Amino acid sequence: MEAAEGGKIFREAWIEGVQNYFQGEPRSADLAPWEELEEWQQASSASVFQAIREFVLASGGGTAKLSRAQRGRFVALCWIAQIHRHFAAPRPSYLADWEELPTWQQETDADIFDLIEQEVLASA
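Residues numbered from 1 in each chain as written. Predicted model: local features only at pLDDT ≥ 70, side-chain atom pairs only at ≥ 80, totals over all residues. Heavy atoms only, no water.

Before going further, it helps to spend a moment on the packing of helix 1 (residues 3-21) against helix 3 (residues 39-58). Two elements in contact, helix 1 and helix 3, have axes separated by 7 Å at closest approach and are oriented at 90°. When the interaxial angle is binned, helix 1 and helix 3 end up roughly perpendicular. For the pair helix 1 and helix 3, the contacting residues are Ala3, Gly6, Gly7, Ile9 and Phe10 in the first and Ser45, Ala46, Val48 and Phe49 in the second. Residue composition of the contact of helix 1 with helix 3, by class: six nonpolar, three polar and no charged. (Axes fitted to C-alpha atoms, helices over the stretch in contact; angles between N-to-C directions. Helix = DSSP H or I, 4+ residues; strand = E, 2+ residues; numbered from the N terminus. Parallel < 35°, antiparallel > 145°, perpendicular 65-115°, else oblique. Contact = heavy atoms within 4.5 Å. Nonpolar A, V, L, I, M, F, W, Y, C, P; charged D, E, K, R; others polar.)

Quick look at the structure:
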């Protein structure tokens, strides 16, 4: 799978999660389509997709036994690592640990993991 394709899958899952879980009106940036993302966001989406893919494959499908929180936490940590990669001095809110994230974001991250895991296992 091409990196951009994985990034698009990640982004579509993010948008779906925001639409499903966010209470109220989300920021337009949270719903921006792939084509409107900044280069660092596209690269980060593709990198996190790839990290999840490799994790699922390396575990031989053992990721299915992780809790929902563990699955979402993995996505959040991968994203934080990308923030550090692209920003010398990121805003503290970009670095929020799992327990500090709003519920809608935790649920979205867990859904992202699930969707990517399904994609990986279906193509393996």
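The next thing to look at is the environment of Val120. Summarising the element assignment, Val120 is placed in helix 5 (residues 103-123). When neighbours within four sequence positions are excluded, Val120 is seen to be in contact with Arg53, Val56 and Leu57.

We now examine the layout of surface pockets. Put simply, the largest pocket is a space of about 750 Å³. Considered class by class, the residues forming the lining of the largest pocket number 15 nonpolar, four polar and seven charged. (1 Å grid on protein atoms, 1.4 Å probe; cavity = no way out; pocket = protein on both sides within 12 Å on 5 of 7 lines; lining within 4 Å. Points joined across faces, edges and corners; volume = space filled by probe spheres on them.)

Under the counting rule described, the total for this entry stands at nine aromatic pairs. Here Phe55 and Phe74 contribute two aromatic rings whose centre-to-centre distance is 4.3 Å and whose plane-to-plane angle is 15°, an arrangement assigned as stacked. Of the two residues, Phe55 sits in helix 3 while Phe74 sits in helix 4 (residues 68-86), which places them 19 residues apart along the sequence. Here Phe55 falls in the partly exposed class, since its relative accessible area comes to 29%. By relative accessible area, which is 22% here, Phe74 ends up partly exposed. Among the aromatic side chains, those forming a connected cluster through ring pairs are Phe10, Trp40, Trp79, Phe87 and Tyr94. (Phe/Tyr/Trp six-rings, centres within 6.5 Å; stacked < 30°, edge-to-face > 60°. Buried < 20%, exposed > 50% of the residue type's maximum accessible area, 1.4 Å probe, protein only.)

With that settled, consider the pattern of salt bridges. A complete count under the given rule lists eight salt bridges for this structure. Measuring nitrogen to oxygen at the nearest pair gives 2.6 Å for the salt bridge that ties Arg68 to Asp111. Of the two residues, Arg68 is situated in helix 4 and Asp111 in helix 5; the sequence distance between them amounts to 43 residues. Linked through salt bridges whose partners overlap, the residues forming this network are Arg68, Arg71, Glu107, Asp111, Asp114 and Glu117. (Salt bridge = Lys/Arg side-chain N within 4 Å of Asp/Glu carboxyl O.)

An α-helix turns once per 3.6 residues; consequently, residues spaced three or four apart project the same way. For helix 3, which comprises 20 residues, the first-to-last C-alpha distance of 28 Å matches the rise-based estimate of 28 Å (1.5 Å per residue) to within 8%. Of all the residues in helix 3, the buried ones are Trp40, Gln41, Ser44, Ser45, Ala46, Val48, Phe49, Ile52 and Val56. Lining the buried residues of helix 3 we find helix 1, helix 4 and helix 5. (Expected span 1.5 Å × (residues − 1).)

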